[in-house]
Amino acid sequence: MIFRYFILLLSIVLLNGSCVSPSSKKAPPPKIKTKKVEVRHSPLLWEIKRDNFPTSYILGTIHLGVAASELDPVIWKYFKISKQIVLEADILSADPRKIKKSILLPRFKKLQSMLTKEEWLTLIARLPNIPPKVLNRMNPYGVLNQLQRDSLPNHKSMDQVFHEKAKEQHKSTIFLESIDFQLNLLKSLFTIQDLKHGLKFKFEPKKEVEKFRKLYLGGNSQKIYDAIVNPSTKQIKMNPKNISKLLDNRNRNWSTILEPILRRESTFIAVGAGHLAGKNGVLMLLNNRGFKTTRYTHEKP
């Protein structure tokens, strides 16, 4: 179902529902382990070159299931030598009030009125820790997040760690989108029909997280892209309009934004791995703009 990809924003990337608890927010960021890690496949890391441009790098990240400490040490090498860092959004400055508002229905609307009696009772049974009165005010986006929240990995997202490391190293950080844009995007992609469909099947978010973990560690960005746009038969497949909104349109915007950024200084870009592959992926779009993108391999850095 499409929400398995989007849940990361409210649950991992954004502060309100993330695995960063209030107490962990006050603690200093954990040190990134740089000791040798188990080598599975070459990381989703590409070198970006173009005449008269400094050499830059782009990494495909995963927002759930793989901790930053599991990344190949070579990633931190290129992160360190880059002068500026490009991330999707400024997750460390997310406004909790806006996040809360993003999961609520418009005033006077009630979730119960959108569901059958059986669906409403099923939802209450699945979320026993949320009072029905509160649940009744939540939109499908917020409810689907809550249905998976308890199964999320207990580690910081890569996005957050990269952001924190950039701050620690006093690197210039550039964001491709605003948090407001991402919140509005997510709200537009979740419908009551998605929630109704989700209630018909047993949620197995841990299996979904593990599936994407294996795909990511397998080092194949195309398979990650395929898993997003062509999920299993029991899940709602994304229609072309939503694929464009989630991936294609954003990729085109990003490639336009990146060109002048890459001209200035050596840059380390970290974006979701699902944005890299395909004819409308960031790598192809950069190639179309005259850049040469070369995948990092252990044999030939």
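Computed from a predicted structure; not experimentally measured. (Residues numbered from 1 in each chain as written. Predicted model: local features only at pLDDT ≥ 70, side-chain atom pairs only at ≥ 80, totals over all residues. Heavy atoms only, no water.)

1. Regarding the packing of helix α12 (residues 221-229) against helix α13 (residues 240-264)
Direction vectors running N to C along α12 and α13 enclose 155°, while the axes themselves pass 11 Å from each other. Regarding the angle of α12 to α13, the classification is roughly antiparallel. The element α12 and its partner α13 pack so that their crossing is right-handed. Of α13, the residues touching α12 (which contributes Tyr225, Ile228 and Val229) are Ile243, Leu246, Leu247 and Asp248. Tallied by class, residues from the contact of α12 with α13 come to six nonpolar, no polar and one charged. (Axes fitted to C-alpha atoms, helices over the stretch in contact; angles between N-to-C directions. Helix = DSSP H or I, 4+ residues; strand = E, 2+ residues; numbered from the N terminus. Parallel < 35°, antiparallel > 145°, perpendicular 65-115°, else oblique. Left-handed = near helix turned anticlockwise from the far one by under 90°. Contact = heavy atoms within 4.5 Å. Nonpolar A, V, L, I, M, F, W, Y, C, P; charged D, E, K, R; others polar.)

2. Concerning the packing of helix α11 (residues 205-217) against α12
In contact at an axis separation of 8 Å, α11 and α12 are set at 155° when each is read in the N-to-C sense. Viewed along their axes, α11 and α12 adopt a mutual orientation that is roughly antiparallel. For the pair α11 and α12, contact is made by Lys211, Phe212, Leu215 and Tyr216 and by Lys223, Ile224, Ala227 and Ile228, respectively. Residues of the contact of α11 with α12, tallied by class, amount to six nonpolar, no polar and two charged.

3. A few points about the pattern of salt bridges
The tally for this structure, following the rule as stated, stands at 10 salt bridges. The partner of Arg250 in a salt bridge is Glu88, and the shortest N-O contact between them spans 3.5 Å. Taken together, the residues span a long stretch of sequence, with Arg250 in helix α13 and Glu88 in the loop between β3 (84-87) and α4 (96-102) at a distance of 162 residues. Residue Arg250 is classed as buried on the basis of its relative accessible area, which comes to 5%. A relative accessible area of 9% means that Glu88 is categorised as buried. A salt bridge links Lys196 to Glu119; the nearest nitrogen and oxygen atoms lie 2.7 Å apart. (Salt bridge = Lys/Arg side-chain N within 4 Å of Asp/Glu carboxyl O. Buried < 20%, exposed > 50% of the residue type's maximum accessible area, 1.4 Å probe, protein only.)

4. Digging into the packing of aromatic side chains
Tallying each qualifying case throughout the model produces nine aromatic pairs. Centroid distance Trp76 to Phe162: 5.0 Å. Interplanar angle 35°. Geometry classified as tilted. With a gap of 86 residues between them, Trp76 in helix α3 (residues 73-81) and Phe162 in helix α8 (residues 158-168) connect regions that are remote in the sequence. Geometrically, the ring pair formed by Tyr78 and Tyr296 is edge-to-face, given 6.4 Å between the ring centres and 70° between the ring planes. Of this pair, Tyr78 sits in helix α3 while Tyr296 sits in the segment after β6 (292-295), and the two are 218 residues apart along the sequence. Of the two residues examined, Tyr78 and Tyr296, each falls in the buried class. Every member of this aromatic cluster is reached through a ring pair, and the members are Trp76, Phe79, Phe162 and Phe268. The residue whose ring lies beneath Lys171 is Phe79, and the NZ or CZ to ring-centre distance is 6.0 Å. The ring of Trp46 has Arg295 lying over it, and the distance from NZ or CZ to the ring centre is 4.9 Å. (Phe/Tyr/Trp six-rings, centres within 6.5 Å; stacked < 30°, edge-to-face > 60°. Lys NZ or Arg CZ within 6 Å of the ring centre and 35° of its normal.)

5. A closer look at the nonpolar core
Leu45, Ile58, Phe162, Tyr216 and Phe268 are the most contacted members of the largest nonpolar core, which has 56 residues in total. Counting residues per element, this core draws most heavily on α13, which supplies seven residues. Sequence-distant contacts of Tyr216, defined by excluding residues within four places in its chain, comprise Leu44, Leu59, Gly60, Thr61, Ile62, Val66, Leu71, Met158, Ile224 and Ala273. Grouped together as the second largest cluster of nonpolar side chains are 25 residues, Trp120, Ile130, Phe190 and Leu195 included. (Core = buried A, V, L, I, M, F, W, Y, C linked by side-chain atoms within 4.5 Å.)

6. Comments concerning the sheet that holds strand β4 (residues 172-175)
An order of β4-β3-β5-β2-β1-β6 is seen for the six strands of this open sheet, with the pairing classed as mixed. Two strands close off the open sheet at either side, each with one partner strand: β4 and β6. Direction aside, neighbouring strands of the sheet carry axes that sit 25° apart on average. Bridge analysis of β3 against strand β5 (residues 267-272) gives four bridges, and the strand direction is parallel. Residue pairing for β5: Leu87 is matched across the bridge by Ala270. Its contacts with the sheet place α13 against β1 (45-49), β2 (56-61), β3, β4 and β5, and it is angled at close to 160° to β5. (Pairing = 2+ DSSP bridges.)

7. Quick notes on the side chain of Thr293
Within the element layout of this structure, Thr293 appears in strand β6. Within polar-contact distance, the side chain of Thr293 engages the side chain of Asn287 at 3.0 Å. Those residues in contact with Thr293 that sit more than four places away from it in its chain are Trp46, Glu47, Ile48, Leu283, Leu286 and Asn287. (Polar contact = N/O pair within 3.5 Å; in protein donor to acceptor, adjacent residues only side chain to side chain.)

8. What about unusual backbone geometry?
For Phe108, which is not glycine, the phi torsion reads 80° and is therefore positive. Its location among the elements puts Phe108 in the loop between α4 and α5 (117-126). For Phe108, a relative accessible area of 71% corresponds to the exposed category. At His170, a position not held by glycine, the phi torsion is positive, near 55°. Here His170 shows up in the loop between α8 and β4.

Coordinates in, geometry out; function isn't part of it.
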